[in-house]
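Fold and contact review
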Amino acid sequence: MTNKDQYKVGKEPFYQAQGDEVTLYEAAYAARLPVMVKGPTGCGKSRFVEYMAWKLNKPLITVACNEDMTASDLVGRYLLDANGTRWLDGPLTTAARIGAICYLDEIVEARQDTTVVIHPLTDHRRTLPLDKKGELIEAHPDFQLVISYNPGYQSLMKDLKQSTKQRFVGFDFDYPTASIEAGILAKETGVEIGLAAQLVKIGQTARNLKGHGLDEGISTRLLVYAATLIKGGVEVKAACRMALVRPITDDADIRDTLDHAIAATFA
Amino acid sequence: MTTPIVEIPAELQSYWNNLDCGFPRVGEVFPVCMQRALASLSNQGVEAYIEQARFLGKMGRGAEPILIFLEAWPEIAKSVGEDTLQDIMLFIRKMWKSPNGKAIVPFLQSLPVTARRLPSRDQLSDYLSIALDLMERTTGSVHGIHQTFPSPGLPEMYKQIQVLLSQLSLAGLKKWVDYGVRFYEDHPERQIEYFSLQSADSRAVMQRERHGTLLVDSDRKLSMYMRGLWQDEEMLIPYSSAFDELRKPMPYYDKLGIRLPDVYDDFVLPSPAGTDTQVRVAGIDRYRATLAHIIGHRRWGKAIFADNMSPFQRMAVEALEDSRVEYLAMREYPGLRPIFAALHPIPAEDACDNTKESGVRHRLTMLSRAILDANHTYKNVHIIEFARRFHELMQQGESSTQEIAELAITFVARTRLQSDNLPKTHFKDTEIGYRDDNRHMWNFMEEDDEGEVVDQNRKVESGEELKGLPPRHYHEWDYNSQSYRPDWVSVYEGLHPQGNPLDIDKLLEKHAGLAKRLKKMLDLLKPQDKVRIRYQEEGSELDLDVAIRSLIDYKSGAQPDTRINMSHRNDGRNIAVMLLLDLSESLNEKAAGSQQTILELSQEAVTILGWAVEKLGDPFAIAGFHSNTRHDVRYLHIKGYAEHWDDGVKSRLAAMEASYSTRMGAAMRHAAHYLEQQQADKKLMLILTDGEPADIDSKDGRILIEDARQAVKELDQQGIYSYCINLDPKADEYVSDIFGKQYTIVDNVAQLPERLPELFISLTK
Ligand SMILES: Nc1ncnc2c1ncn2[C@@H]1O[C@H](COP(=O)(O)OP(=O)(O)O)[C@@H](O)[C@H]1O
Ligand SMILES: [Mg+2]
């Protein structure tokens, strides 16, 4: 039997709540409802799930989804070994067996024929058929499924099927308000709060341009990067240009505007 | 052979009679031109159009002038305004009375391009005076012989005007003309070479004058600046800075937009003696500084009553209010300080002789400088005291226009001098170029009531009949009661009227470059019928490479990869698309920063998209809609799924017209019932609109927004992905309420022909 403890979140992760999401999640977990966390990239979705796993003291198994992922990558497969073949559980199966929270990060990245394998785990059956192995797993009572995705991807190719969506209760995440976000940067990286607030301001400049040439604004994650660089001794404006502007756009006008925002903010 | 008799439609007959023109070629184009004029000009404008055309036809210069004018004017009027016609005709008459009659045709030919580059009456008139100057100085009598010669350079300049205006501001053009006149006044051949941009020095002078940052080229950047850093938005309208050495126009803003100089040179501050540290403010940053100042007023200012104040008091209030809004702007963005500090003049303390001239401006500018620059060197106790009091006020918060006005009035009282009333005012170093004229700061108790002049002359054609099929009824969502109003809206469907399909082919030709680029992108999207999928546990055949690798792993005791099969998949690009076009009245407006209407740009964009999707082979339909109350929503069929991109489709597209209102929800529901019947994995409905849902029978603006939002939800349930392309820069206020995240705002409508297909490609890739 797999050792549960290796999947436990050891130390309390820092998570700054934005509202009552912690209580609501606890309620969803109490009812073992599958959870969907929506929001732009880098706004704290993964951190939230990690924190909840810690708080509920449950193991957490995270799968970063991608296009090449197959159902077997989730469920498990037979491997060849010297004595013939051997079955190896995939992460979803492991989670269902040991009673972990299984977090499928960026689920829209996976192909839709892959994601359907989660369906039986998300309704009242809470089962997972391993067709190849001829086994039907009853999910452990502690097991819970969590998915995240970014509805901002403006592509209908990357949207969830209605039949999938309707199996989850949802949390809408967005970038935190300015003061909360500055608090996160300060706490997470140790920069002082004034500097953090200035970084947030640049983040918001970019977010104001969303839909006007920018698909996504600057994420909290990128702001954390910038703060980390500054903390490590990189000059403020250079750190901002490198962490906040260059990654998000190649549009010369937007770049120029953001560079100007940096110069105007850090006199 | 007899001259063909031209058929003039009865309703245009009276215009035709007034035109009184015998050229058969004019008769051929007249009906079309006249219809365009009627659709876009006011009643007065139409009258002037006929009257001036009549004059051009009788000028004795053949059919060409009147032909060009009839065809071009309605378009030009949209960009420079109908009133400009007076200025233009005055100028033409001057050419006509001089020996320069031959230049009239080249002038008229150059006018559309010129108007595009100089899209305001002020700028165009300034241009005309440059041309007039050139004409007067180069038309001449040679060697005292009693004979006059036309200007050799004038027609040449008209022919080059596109190049010239794309490189030069009006100030630059003026200098370039001036150089040519001064050096080649007496050399007709050399003059021609100069003005046709053939001679080396002509090009060199153009290069030299080609400096500065043009507003037309910076519009997008500046809009982003306002939106990104200040969450403000407004039209930016250029005025020409080439003239009015005396009047020196200043930036200002009013209901129509923010007026800024057409060009800013980089600003270079002379380096202090003995150093070579030069301070330079780039043209674009000068625009930003001006905008920051103006946005400061918009954000923190409030108009106050002027009636009880003396002119000096008002000046002081304006100056201190300027300082206050800038102070607040710099609090937001400290990086503005060095820019303001570089641009703000530094009047020398002893520069003004208070016995001979009025020092009011001088004192106020010193105070403004002292407030801005903590390192100022002024000794005047009042300046020092009031700069301190200003900062004390600002320490407490934002202060207010009213509070700062009180401080200003105290300052005036404290520093008043006998000499303030002297007729001569000390001006040197008192102009703060990035500040606006503060007209917005004042209310007057005696309001004049001519405030609003609304363009009531707009034509709305009476609803022509289209009701072939019986209407379909749709419900509408009422957010007040959170319920549907059953069968509330009647949708009539009909075939869109037809035009000339060749017009659409011409549009495609016009965008040949874009089409070529798109084609490359499309090729990448095209289904590559069979795609090999490797690394499969189960598949249709063995993938030899992988199998061998696995075997080796296995033999050597390592963990082999079991995914040794591969299979094939028909690369399913299985998308059905519906493009729904808002064809409401507002599309007839000219797109910001373009001489074309939104309708025309949409037409171009749809043409290119239609062409592109046909290449891809996705099932694709196009329809337009508008509404005139809930009883009459029209759904105009342009292209059906079964039709190809053929002449029938093109002819309907060619006739695209806009009128009435935008009842979006009903149109979406109707379009959805077609899209729903398509067999496709993915169904995409694109909605192209320039504004929010609205209709004349719906006073509560929220209702139709909420209904459209509800329609999006219904579509989502039907497995249809809706996506809005919105051309309204102010759409942020409502578009996400309707479409969630599924939208894009295209601020620069001129780029629509490019953006629409790109968007489509990125949505479906
Ligand atoms: N509410 C929050 N509390 C603490 N850290 C946060 C929060 N939101 C964002 N962060 C920071 O942003 C980074 C990115 O967040 P993450 O959860 O990985 O984003 P997502 O999963 O939404 O893409 C985290 O590593 C963390 O540093
Ligand atoms: Mg001002």
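Our structure is the block above this text.
Residues numbered from 1 in each chain as written. Chains lettered and ligands numbered in written order. Predicted model: local features only at pLDDT ≥ 70, side-chain atom pairs only at ≥ 80, totals over all residues. Heavy atoms only, no water.

Let us look at the overall build of chain A. Within chain A one finds 12 helices and nine strands. Scored against the burial criterion, the 267 residues of chain A give a buried share of 52%. Put simply, of all contacts in chain A between residues at least 6 apart along the chain, 71% involve residues at least 24 apart. When the accessible area of chain A is evaluated, it comes to approximately 11300 Å², of which 51% is carbon and sulfur surface. (Helix = DSSP H or I, 4+ residues; strand = E, 2+ residues; numbered from the N terminus. Buried < 20%, exposed > 50% of the residue type's maximum accessible area, 1.4 Å probe, protein only. Contact = heavy atoms within 4.5 Å. Areas by Shrake-Rupley, 256 points an atom, 1.4 Å probe, with all protein chains shown as cover.)

What follows covers the coordination of the magnesium ion (ligand 2). Residues and elements named next belong to chain B. Coordination of the magnesium ion (ligand 2) by the protein comes from His293 (NE2), His297 (NE2), Asp322 (OD), Asp436 (OD) and Asn438 (OD1), over a distance range of 2.1 to 2.4 Å. Taken in sequence order, the residues that donate to the magnesium ion (ligand 2) follow the motif H-x3-H-x24-D-x113-D-x1-N. Linking His297 in helix H14 (residues 283-300) with Asp322 in helix H15 (residues 311-332), this pair joins segments that are 25 residues apart in sequence. Of the residues examined, His297 reaches a relative accessible area of 3% and is grouped as buried. (Donors = N, O, S within 2.8 Å, 3.2 Å for Na, K, Ca; no water.)

Here the focus is helix H22 (residues 544-555) of chain B. All names here are of chain B. In this model H22 runs 16 Å from its N-terminal to its C-terminal C-alpha over 12 residues, within 8% of the 16 Å that 1.5 Å per residue would give. Listed in full, the buried residues belonging to H22 are Val546, Ala547 and Ser550. One side of H22 carries all its buried residues, which in axial view fall inside an arc of 100°. Turned more than 90 degrees off the buried face of H22, the exposed positions are Leu544, Ile552 and Lys555. Once H22 finishes, Gly557 follows within two positions and takes phi at roughly 85°, a positive value. (Expected span 1.5 Å × (residues − 1). Arc of directions from axis to C-beta.)

Let's shift gears to the site of ligand 1. Residue and element names in this part refer to chain A. Around ligand 1, a shell composed of 16 residues is seen, among which Gly42, Ser46, Arg47, Glu188 and Arg221 lie nearest. Ser46 has a polar side-chain atom sitting 2.7 Å from an oxygen atom of ligand 1. Arg47 is positioned with one of its backbone polar atoms (N or O) 2.8 Å from an oxygen atom of ligand 1. Contact with the protein chains hides 92% of the accessible area of ligand 1, taken as 560 Å² for the molecule alone. Elements with a contribution of two residues or more to the shell around ligand 1: helix H2 (45-56), helix H8 (178-189) and helix H10 (220-231). A per-class count over the shell around ligand 1 returns six nonpolar, six polar and four charged. Here the shell around ligand 1 gathers at least three residues from each of two domains, domain 1 (5-172) and domain 2 (178-265). (Near = heavy atom within 4 Å. Polar contact = N/O pair within 3.5 Å; in protein donor to acceptor, adjacent residues only side chain to side chain. Nonpolar A, V, L, I, M, F, W, Y, C, P; charged D, E, K, R; others polar. Domains from an automatic or database assignment.)

Moving on: a nonpolar patch on the surface. Residue and element names in this part refer to chain B. Residues Leu542, Leu544, Ile548 and Ile552 make up a contiguous nonpolar surface patch of roughly 390 Å² in combined accessible area. Per-element accounting of the nonpolar patch gives the leading share, three residues, to H22. Among the structural elements, Leu544 can be located in helix H22. Using a relative accessible area of 52% as the deciding quantity, one classes Leu544 as exposed. (Patch = residues over 30% accessible without salt bridge, like charges linked within 9 Å, V, L, I, M, F, W, Y side chains within 5 Å. Salt bridge = Lys/Arg side-chain N within 4 Å of Asp/Glu carboxyl O.)

Attention now goes to the environment of Ile104(B). Residue and element names in this part refer to chain B. In this structure, Ile104 sits in helix H6 (residues 104-117). What makes Ile104 buried here is its relative accessible area of 0%. Here the alpha-carbon distance between Ile104 and Pro65, two residues 39 residues apart in the chain, equals 7.3 Å.

As a further point, take the packing of helix H1 (residues 21-30) of chain A against H2(A). All names here are of chain A. Interaxial distance between H1 and H2 falls to 11 Å at its minimum, and their mutual angle equals 60°. Relative to H2, the crossing made by H1 is right-handed. Taken together, the residues of H2 that come into contact with H1 (itself represented by Glu21, Val22, Tyr25, Glu26 and Tyr29) are Phe48, Tyr51, Met52, Lys55 and Leu56. For the contact of H1 with H2, the class distribution of residues is seven nonpolar, no polar and three charged. (Axes fitted to C-alpha atoms, helices over the stretch in contact; angles between N-to-C directions. Left-handed = near helix turned anticlockwise from the far one by under 90°.)

The next thing to look at is the packing of aromatic side chains. Residues and elements named next belong to chain B. Tallying each qualifying case throughout the model produces 28 aromatic pairs over all chains. For the pair Trp16 and Phe30, a centre-to-centre distance of 5.0 Å together with 50° between the ring planes defines the contact as tilted. Residue Trp16 is located in helix H1 (residues 13-19), and its partner Phe30 is located in helix H2 (residues 24-40); the two are separated by 14 residues in the primary sequence. Looking at Phe30, the relative accessible area reads 0%, which means it is buried. The ring of Phe55 has Arg93 lying over it, and the distance from NZ or CZ to the ring centre is 3.9 Å. The cationic tip of Arg439 hangs over the ring face of Tyr252; the distance from NZ or CZ to the ring centre is 3.6 Å. (Phe/Tyr/Trp six-rings, centres within 6.5 Å; stacked < 30°, edge-to-face > 60°. Lys NZ or Arg CZ within 6 Å of the ring centre and 35° of its normal.)

A few words on the environment of Ala110(A). Residues and elements named next belong to chain A. For Ala110, the location among the structural elements is in the loop between strand S5 (101-105) and helix H5 (112-115). Measuring from C-alpha to C-alpha, the distance between Ala110 and Asp68 comes to 7.2 Å, with 42 residues separating the pair along the chain. Leaving out residues up to four positions away in the same chain, Ala110 has contacts with Cys65, Asn66, Met69 and Thr115.

A word on the interface of chain A and chain B. On the side of chain B, 42 residues touch chain A, which itself brings 42 residues to the contact. There are five salt bridges connecting chain A and chain B. The tally of links between chain A and chain B comes to 14 residue pairs in polar contact (both at pLDDT 80 or more). Only helix H3 (71-75), strand S3 (76-81), helix H7 (162-165), helix H9 (193-208) and helix H12 (252-265) of chain A provide two or more residues apiece to the side of chain A that touches chain B. When residues of the side of chain A that touches chain B are assigned to their parent elements, the largest contribution, nine residues, is made by H12(A). Grouping the constituent residues of the side of chain A that touches chain B by class yields 15 nonpolar, 15 polar and 12 charged.

All names here are of chain B. Taking 1.5 Å of rise per residue, the 13 residues of helix H25 (residues 664-676) would be expected to cover 18 Å, and the 18 Å separating its terminal C-alpha atoms lies within 8% of that figure. The element H25 is largely enclosed, with a buried count of 11 among its 13 residues. Among all positions in H25, only Met664, Gly665, Ala666, Ala667, Met668, Arg669, His670, Ala671, Ala672, His673 and Leu675 are buried.

Here we take up the nonpolar core. Residue and element names in this part refer to chain B. Core analysis: the biggest nonpolar cluster contains 71 residues, and Phe107, Met157 and Trp176 have the highest contact counts within it. Examining the composition of this core, we find that 10 residues originate from one element, helix H4 (residues 64-80), more than from any other. Of all hydrophobic cores here, the second largest spans 64 residues; its members include Ala342, Leu367, Ala370 and Phe386. (Core = buried A, V, L, I, M, F, W, Y, C linked by side-chain atoms within 4.5 Å.)

Residues and elements named next belong to chain A. The strand order across the open sheet built from five strands is S2-S5-S8-S1-S9, with neighbouring strands paired in parallel fashion. Of all strands in the sheet, those bounded by a partner on one side alone are strand S2 (60-64) and strand S9 (169-172). Averaged over all pairs of adjacent strands, the angle between strand axes in this sheet comes to 20°, irrespective of strand direction. Contacts from helix H4 (residues 91-98) reach S2, S5 and strand S8 (144-149) within the one sheet, and its direction differs from that of S2 by about 165°. (Pairing = 2+ DSSP bridges.)

Attention shifts here to the pairing of strand S4 (residues 84-89) of chain A. Residues and elements named next belong to chain A. Pairing between S3 and S4: six bridges, direction antiparallel. In the strand pairing of S4, Leu79 is matched with Arg86. Between S3 and S4, which pair antiparallel and follow one another directly, the connecting turn spans two residues.

Attention now moves to the sheet that holds strand S5 (residues 252-254) of chain B. Two orientations exist for strands paired in a sheet by backbone hydrogen bonds: parallel and antiparallel. All names here are of chain B. Read from one edge of the open sheet, three strands run S4-S6-S5, paired in mixed fashion. Edge positions in the open sheet fall to strand S4 (236-239) and S5, since each of these has one partner strand only. In this sheet, adjacent strand axes meet at a mean angle of 30° when their direction is disregarded. One ladder, built from four bridges, connects S4 with strand S6 (residues 257-261); its direction is parallel. Along S6, the bridge assignment pairs Ile237 with Arg259. Helix H13 (residues 215-230) rests against S4 and S6 of the sheet, and its axis sits at about 145° to S4.

Attention now goes to empty space enclosed by the protein. Where empty space is left can be seen by rolling a probe of water-molecule size over the atoms. All names here are of chain B. For the structure shown, the criterion picks out six cavities of 30 Å³ or more. Computed from the structure, the largest cavity encloses a volume of approximately 110 Å³. Forming the walls of the largest cavity are Arg117, Leu118, Pro119, Gln123, Leu165, Leu168, Ser169, Leu170, Leu214, Val216, Pro238 and Asp262. Two domains each donate at least three residues to the lining of the largest cavity, and these are domain 1 (10-209) and domain 2 (213-443). (1 Å grid on protein atoms, 1.4 Å probe; cavity = no way out; pocket = protein on both sides within 12 Å on 5 of 7 lines; lining within 4 Å. Points joined across faces, edges and corners; volume = space filled by probe spheres on them.)

Let us now look at the side chain of Asp322(B). Residue and element names in this part refer to chain B. It turns out Asp322 is buried and unbridged, and the closest side chain with the opposite charge, Arg435, is 4.0 Å from it. Within polar-contact distance, the side chain of Asp322 engages the side chain of Asn438 at 3.2 Å. Contacts of Asp322, omitting those with residues within four sequence positions, involve His293, His297, Arg435 and Asn438. (Lys, Arg positive; Asp, Glu negative; His and termini not counted.)

Of note in the backbone geometry, Glu106(A) takes a positive phi value of approximately 55° without being a glycine. Relative to the elements of secondary structure, Glu106(A) occurs in the loop between S5 and H5. We classify Glu106(A) as buried; its relative accessible area is 17%. One non-glycine residue, Ser399(B), lies in the positive phi region at around 55°. Along the chain, Ser399(B) turns up in the loop between helix H18 (381-395) and helix H19 (401-415).

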